[in-house]
Amino acid sequence: MSQFDKALGAAAQAAETFAESLGSRAVWPRATYDEMLKRLGVVLQADPMAPEDVVAELAELAEPGLSATGSGRFFGYVIGGAQPAALAADWLTSTWDQNAALVGVSPAASAVEMVAARWLLDLLDLPRESSVGFVTGATMANFTCLAAARHQILARAGFDVERIGLAGCPQIRVLVGADRHDSVDLAVRYLGLGADAVQLVSSDDEGRIEVDALRRKLAESSAPTIVCLQAGEVHTGAFDPFEPAIQAAHQAGAWVHVDGAFGLWARAGQTTRWLTAGLEAADSWCTDCHKTLNVPYDSGLAIVRSSAAHHAAFAVRSDYLMTGSTPEPLDVVPEISRRARGFAVWAALRALGRRGVAELVDRLHSHARRMAAGIAQIEDAEVLNDVVFTQVMASFADPEVSAEVGRRILASGAAVVTAASWRGRAVQRISVSNWATTEADVDATVEAMAGVAARLARPAGRL
Ligand SMILES: *Cc1c(COP(=O)(O)O)cnc(C)c1O
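Remember, predicted model here, so these are calculated numbers, not experimental data.

Visitor: Go over the pairing of strand β11 (residues 425–431), please, and point to the residues and values.
Guide: Most of β11 sits out of view: 5 of its 7 residues are buried. Relative to β11, strand β9 (residues 391–396) runs antiparallel, the two sharing 4 bridges. Note that in β11 the partner of Q391 across the bridge is S431. With 5 bridges joining them, strand β10 (residues 418–422) and β11 adopt antiparallel strand pairing. Bridge assignment links A419 to a residue of β11, and that residue is Q428. Linking β10 back to β11 in an antiparallel pair, the connection comprises 2 residues, with R423 at a positive phi of about 50°.

Following this line, the structure appears as structure tokens:
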């Protein structure tokens, strides 16, 4: 056997063992960070080691410190699993080790991105002329889209920001709903606009931007403006009222960006599509394939209607890169060298087909509703949000119970739900984002929550 054979064989074996364990292993890691530092912190020896031994050792050492994010009972944050076809395509992506920057270096990597992008624009019913950049995730996708926005609104005001820099340009303001994701603020900071450029517009009980408040803010100033809307709030799953919000923003000359990290996929589901009505009128959209579509990390998309604005922000020309006349992948993302992310996205879509994507989205939504109905039956428990998509937010009458339920469930290894606070209240967030989740997983999680809550309500001494 060659060195590749042995190393890849060891990896395949370890990967299979891990994947097979997902149904039964503790969902939360069993070892702490300090314990993992000790386990992995072996003395770096002087001499080389056989690749297959390194892989086997790594798999064994890392094991107790891994989260079972691929388990059907992982409902923390907003984390998808990995569908088999996408996972296997991702292995190939590493094996092929293509540099996805340039068409000439890897026609396969560039073409697969182009085709996957077309499929996605079609499935998500977004303007077919949009240009699409494959980035690490929604944070970089927000950044990428907002860079195109910054170019466009300053160009409209007569400033070439790419040439003269921000110091010579008028101050931009970025209007966001009070419950936007923090990655939008981060993108604004990366862009040099300054955190103070972000102005909050009030939002309702579900976290949706209030359109009247947006209209008032828009009327306050004629500064170049970007409006960031949201498809899928991380606690409630709520969607902004796109139609009136986009209309108001466009009337005021603003660029509209939609953060749809997980919520953009609602557009592909039959039962959830209505939530996104009007969103297609925006100027840019970001989403993650590593959440709802269940592609392995890292996989995000920056979608910009104006390919010219997108290119103006990122295009690179350099003598040694041998760029041609075809659009180059490096022209629409912040990086030059990068992973060929299109293969796994292509494989995920091909494996599901159109109907499979719709069924996946509808199923995640229906599991979330089942979870909410189950939790509502638990004594002293309350579901606080309108479960329109994949997010459920629950709390218990006693705030200490609310905070403790999640911790005990994590410790038990039965499931993962994560703690947060909403309008000053301790809550547990549940995000149904994993393709592998079954009704039995949902029911087992409700049962685990009910059991923990009952034990907390009746401490041992009082039983
Ligand atoms: C997850 C998420 C992000 C950030 O995405 P990353 O992939 O973690 O970079 C941004 N916005 C929303 C609404 C999200 O759910």
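Visitor: Account for the site of the ligand, with residues named and values stated.
Guide: Within the structure, the ligand sits among 13 residues, and T139, D259, D288, H290 and K291 are positioned closest to it. The separation between an oxygen atom of the ligand and a polar side-chain atom of T139 is 2.6 Å. Note that an oxygen atom of the ligand is positioned 2.7 Å from one of the side-chain N or O atoms of D288. Contact with the protein chains removes 84% of the 380 Å² of surface that the ligand exposes when unbound. Grouping the amino acids of the shell around the ligand by side-chain chemistry returns 4 nonpolar, 6 polar and 3 charged.

Visitor: Requested: an account of empty space enclosed by the protein, with residues and values cited.
Guide: Per the counting criterion, the structure on display carries 3 cavities of 30 Å³ or more. Estimated volume of the largest cavity: approximately 60 Å³. Contributing to the lining of the largest cavity are D90, T93, V295, P296, Y297, D298, S299, R339, A340, R341 and A344. Its residues assigned to classes, the lining of the largest cavity shows 5 nonpolar, 2 polar and 4 charged. Taken together, H181, Q230, G232, V234, D259, A261, F262 and K291 make up the full set of residues lining the second largest cavity. Here the lining of the second largest cavity is composed, by residue class, of 3 nonpolar, 3 polar and 2 charged.

Visitor: Go over the side chain of T390 with me, naming the residues and quoting the values.
Guide: Note on placement: T390 falls in the loop between β8 (381–383) and β9. Given the relative accessible area of 3%, T390 is considered buried. In this structure the side chain of T390 is engaged in a polar contact, spanning 3.1 Å, whose partner is the side chain of Q391. Those residues within four positions of T390 in sequence are excluded, and the remaining contacts are F262, L364, H365, A368, I430, S431 and V432.

Visitor: Describe the sheet that holds strand β7 (residues 300–304), with residues and values.
Guide: If you walk across this open sheet you meet the 7 strands as β1-β7-β6-β5-β4-β2-β3, and the pairing is mixed. Taken across any chain shown, the strands that pair with only one partner, and hence form the sheet edges, are β1 (131–135) and β3 (198–201). For this sheet, the mean angle separating the axes of adjacent strands, direction not counted, is 20°. For strand β2 (residues 173–177) and strand β4 (residues 225–230), the ladder comprises 4 bridges, and the chain directions are parallel. For L175, the partnering residue across the bridge sits in β4 and is V227. Strands in contact with helix α6 (residues 138–156) are β1, β4, β5 (255–259), β6 (284–288) and β7; relative to β5, the strand with the most contacts, it is inclined by about 175°.

Visitor: With reference to specific residues and values, describe the pairing of β7.
Guide: For β7, the tally of buried residues reaches 5 of 5 residues, placing the bulk of the element in the interior. Along β7, one buried face is formed by G300, A302 and V304 and the opposite face, lined by L301 and I303, is buried too. When β6 meets β7, the two strands line up antiparallel, connected through 5 bridges. Paired with D288 across the bridge in β7 is G300.

Visitor: I'd like a rundown of the environment of V201, residues and numbers included.
Guide: With respect to the element layout, V201 can be found in strand β3. Taking the relative accessible area as the measure of exposure, V201 reaches 1% and is therefore buried. Excluding its chain neighbours within four sequence positions, the residues that come into contact with V201 are L175, V176, G177, A178, I209, E210, A213, L214 and K217.

Visitor: Tell me about the layout of surface pockets, and please be specific about residues and values.
Guide: Rolled over the atoms, a probe sized like a water molecule indicates the empty space that remains. Approximately 1500 Å³ is the volume attributed to the largest pocket. If you go around the largest pocket, you meet 45 residues; those closest to its centre are A15, F18, A19, L87 and W91. Among the elements that line the lining of the largest pocket, the one with the most residues is helix α1 (residues 3–21), at 11 residues. For the lining of the largest pocket, the residue count by class is 24 nonpolar, 14 polar and 7 charged. Volume-wise, the second largest pocket comes out at about 390 Å³. For the lining of the second largest pocket, the leading source of residues is helix α5 (residues 107–123), giving 7 residues.

Visitor: Describe the packing of α6 against helix α11 (residues 307–314), listing the residues and the values that go with them.
Guide: Contact pair α6 / α11: the axes reach a minimum separation of 8 Å and the direction vectors enclose 100°. Relative to α11, the element α6 is oriented roughly perpendicular. Taken together, the residues of α11 that come into contact with α6 (itself represented by F143, T144, A147, A148, H151 and Q152) are A309, H310, A312, A313 and F314. Across the contact of α6 with α11, the residue classes break down as 7 nonpolar, 4 polar and no charged.

Visitor: Tell me about the pattern of salt bridges, and name the residues and values.
Guide: Counted according to the given criterion, the structure contains 25 salt bridges. Across the pair E439 and R370 runs a salt bridge, and its minimum N-O distance is 3.5 Å. Remark: R370 occurs in helix α12 (residues 342–376) and E439 occurs in helix α14 (residues 439–457); sequence separation between them is 69 residues. Taking the relative accessible area as the measure of exposure, R370 reaches 34% and is therefore partly exposed. Sharing partners across several salt bridges, the network here consists of D122, D125, R128, R267, R273, E280 and R354.

Rules used in this analysis
Residues numbered from 1 in each chain as written. Predicted model: local features only at pLDDT ≥ 70, side-chain atom pairs only at ≥ 80, totals over all residues. Heavy atoms only, no water. Buried < 20%, exposed > 50% of the residue type's maximum accessible area, 1.4 Å probe, protein only. Helix = DSSP H or I, 4+ residues; strand = E, 2+ residues; numbered from the N terminus. Pairing = 2+ DSSP bridges. Near = heavy atom within 4 Å. Polar contact = N/O pair within 3.5 Å; in protein donor to acceptor, adjacent residues only side chain to side chain. Areas by Shrake-Rupley, 256 points an atom, 1.4 Å probe, with all protein chains shown as cover. Nonpolar A, V, L, I, M, F, W, Y, C, P; charged D, E, K, R; others polar. 1 Å grid on protein atoms, 1.4 Å probe; cavity = no way out; pocket = protein on both sides within 12 Å on 5 of 7 lines; lining within 4 Å. Points joined across faces, edges and corners; volume = space filled by probe spheres on them. Contact = heavy atoms within 4.5 Å. Axes fitted to C-alpha atoms, helices over the stretch in contact; angles between N-to-C directions. Parallel < 35°, antiparallel > 145°, perpendicular 65-115°, else oblique. Salt bridge = Lys/Arg side-chain N within 4 Å of Asp/Glu carboxyl O.

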